[in-house]
Amino acid sequence: MGVLNPNSTDYVLVAVDISKNRHDILIAAPGKKRRRRVTLMNTFEDYRRLIDLLRDYGCPVRIG
């Protein structure tokens, strides 16, 4: 398990717009000026793809 630092401001911020068949994701990474948009279908493979994508940033994630 990782160590949590609640005072850190270096979070990847993720906004999720949920719908029945697909989900629109907006990702704001620390140090980046542009946000990344991702569309996922409601499948296990796409959820796994999102998890792998967020792990690649290497910092804590806040999802809302």
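Please refer to the structure higher up on the page.
Overview of the structure. Quick caveat, the model's predicted, so the values are computed rather than measured.

### Some details on the pairing of strand 2 (residues 22–28)
Thought 1: Along strand 2, the buried face is formed by His23, Ile25 and Ile27; none of Arg22, Asp24, Leu26 and Ala28, which line the opposite face, is buried.
Thought 2: Sheet topology places strand 1 (residues 12–18) next to strand 2; 6 bridges connect them, and they run antiparallel. Its bridge partner lying in strand 2, Ile18 is registered against His23.
Thought 3: Here strand 1 folds back onto strand 2 in antiparallel fashion, the turn holding 3 residues.
Thought 4: In this structure, strand 2 lies alongside strand 3 (residues 36–41), joined through 6 bridges in antiparallel fashion.

### Regarding the side chain of His23
Thought 1: Inspection of the secondary structure puts His23 in strand 2.
Thought 2: A distance of 3.0 Å separates a polar atom in the side chain of His23 from a polar atom in the side chain of Tyr47.
Thought 3: If near-sequence neighbours (up to four positions away) are discounted, His23 is found in contact with Val16, Asp17, Ile18, Val38, Thr39, Leu40, Asn42 and Tyr47.

The rules behind the values
Residues numbered from 1 in each chain as written. Predicted model: local features only at pLDDT ≥ 70, side-chain atom pairs only at ≥ 80, totals over all residues. Heavy atoms only, no water. Buried < 20%, exposed > 50% of the residue type's maximum accessible area, 1.4 Å probe, protein only. Helix = DSSP H or I, 4+ residues; strand = E, 2+ residues; numbered from the N terminus. Pairing = 2+ DSSP bridges. Polar contact = N/O pair within 3.5 Å; in protein donor to acceptor, adjacent residues only side chain to side chain. Contact = heavy atoms within 4.5 Å.

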